[in-house]
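The primary structure of each chain is shown beneath.
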Amino acid sequence: MKQNKYTKMLYPSPIGTLSLVADEQYLYGIWVQDQTHFERGLGDETIEEVASHPVLEQVISYLDTYFEGSVQDLSYLPLAPIGTDFEKRVWAYLQAIPYGQTVTYGQIAEDLQVASAQAIGGAVGRNPWSILVPCHRVLGSGNRLTGYASGVEKKAWLLQHEGAAFQENKK
């Protein structure tokens, strides 16, 4: 079996350095440096850092636009076909959440007819495409800011950037 060859570019963003990983065809992930599930399942030895790459350059162009405060259509970006069928259903749902809008884990569970909001939370937490597949737009009950693999303060930053409404957690 041929070993997949992954390439990576680093992207300095307002929420920290992002690691963008792709192979020749697909985007495998966008991770904030040192987040939970960072470069999950890829293994360091197979990732080569590059200065340019056709898939990653599209992603960088999207991120530039996003951080400038504009919205873009991402349906053309080739996301890698990874994850379980359940995760893929949840991630497809996330992609449909509009910029500046939020949903709760419970709402996703209801819409996808899944009994457990926790199961939804697990799949959302394993989303490998930070920002692009907007898991930061998912809130806890009462629109509370809850877990985010790279830290709740980064989630709050992204939501504020998009002008989305959410409840800060009271200490």
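Along each chain, residue indices are assigned from 1 in the same order as the chain's sequence is written. Local features in a predicted model are, by the rule used here, given only for residues with pLDDT of at least 70; side-chain atom pairs are given and counted only at 80 or more, and totals for whole chains, interfaces and linings are based on all residues. Side-chain descriptors were evaluated using all non-hydrogen atoms of the structure, hydrogens and water having been removed beforehand.

**A closer look at the pattern of salt bridges**
By definition here, a salt bridge exists when the distance from a side-chain nitrogen of Lys or Arg to a carboxyl oxygen of Asp or Glu is within 4 Å. Enumeration according to the criterion identifies four salt bridges in this entry. One salt bridge connects Glu87 with Arg126, and the closest N-O pair in it is separated by 2.5 Å. Residue Glu87 is found in helix α2 (residues 85-95), and its partner Arg126 is found in the loop between α4 (117-125) and β6 (138-139); the two are separated by 39 residues along the sequence. Glu87 sits in the buried class, given a relative accessible area of 5%. Note on exposure labels: buried denotes an accessible area under 20% of the residue type's maximum, exposed denotes more than 50%, and partly exposed covers the range between, all computed with a 1.4 Å probe on protein chains only. By relative accessible area, Arg126 is classed as partly exposed at 28%. Note on conventions: DSSP H or I runs of at least 4 residues are helices, E runs of at least 2 residues are strands, and numbering of each starts at the N terminus.

**A look at unusual backbone geometry**
Despite not being glycine, Gln113 has its phi angle at roughly 55 degrees, a positive value. Relative accessible area serves as the criterion here: at 76%, Gln113 is assigned to the exposed category.

**Quick word on the environment of Leu18**
Within the secondary structure, Leu18 is located in strand β2 (residues 16-22). Judged by relative accessible area, Leu18 falls into the buried class, the value being 0%. Sequence separation between Leu18 and Trp31 is 13 residues, and the spatial gap between their C-alpha atoms is 5.4 Å. In this structure Leu18 touches Met9, Leu10, Tyr11, Ser13, Ile30, Trp31, Val32, Leu63, Phe67 and Ile131, once residues within four positions along its chain are discounted. The contact definition used throughout considers only heavy atoms, calling two residues in contact when any of these lie within 4.5 Å.

**So, the packing of α2 against α4**
For any two helices packed against each other, one specifies the crossing angle of their axes together with the interaxial distance. Lines fitted to C-alpha atoms define the axes, with helix axes restricted to the stretch in contact, and inter-axis angles between N-to-C directions lie between 0 and 180 degrees. In contact at an axis separation of 9 Å, α2 and α4 are set at 80 degrees when each is read in the N-to-C sense. The angle between α2 and α4 places the two elements in the roughly perpendicular class. Here α2 contributes Phe86, Glu87, Val90, Trp91 and Leu94 to the contact with α4, which in turn contributes Ala119, Ile120, Ala123 and Val124. Tallied by class, residues from the contact of α2 with α4 come to eight nonpolar, no polar and one charged. Any angle that falls under 35 degrees is termed roughly parallel, while one over 145 is termed roughly antiparallel, one within 65 to 115 roughly perpendicular, and all others oblique. Only Asp, Glu, Lys and Arg are considered charged in this grouping, and only Ala, Val, Leu, Ile, Met, Phe, Trp, Tyr, Cys and Pro are considered nonpolar; every other residue, Gly among them, is considered polar.

**What to know about the environment of Ile120**
Secondary-structure assignment places Ile120 in helix α4. When the C-alpha atoms of Ile120 and Trp91 are compared, they prove to be 9.8 Å apart, with 29 residues separating the residues in sequence. Among residues more than four places away in sequence, those in contact with Ile120 are Phe86, Val90, Tyr105, Ile108, Ala109, Leu112 and Val114.

**A word on the side chain of Lys8**
Within the element layout of this structure, Lys8 appears in strand β1 (residues 6-13). In this structure Lys8 comes out as buried when scored by relative accessible area, which is 14%. Apart from the residues within four sequence positions on either side, Lys8 is in contact with Ser19, Leu20, Val21, Glu39, Ile47, Glu48, Glu49, Val50 and Leu56.

**Observations concerning the pairing of β1**
Along β1, six of the eight residues are buried, which leaves the element largely enclosed by surrounding structure. Bridge analysis of β1 against strand β4 (residues 47-49) gives three bridges, and the strand direction is parallel. The residue bridging Thr7 from the neighbouring strand is Glu48, located in β4. Bridging between β1 and β2 involves seven bridges; their strand directions are antiparallel. Bridge assignment links Pro12 to a residue of β2, and that residue is Thr17. Counting the residues in the hairpin turn of β1 and β2 gives two residues. Strand pairing is defined by DSSP finding a minimum of two bridges between the two strands.

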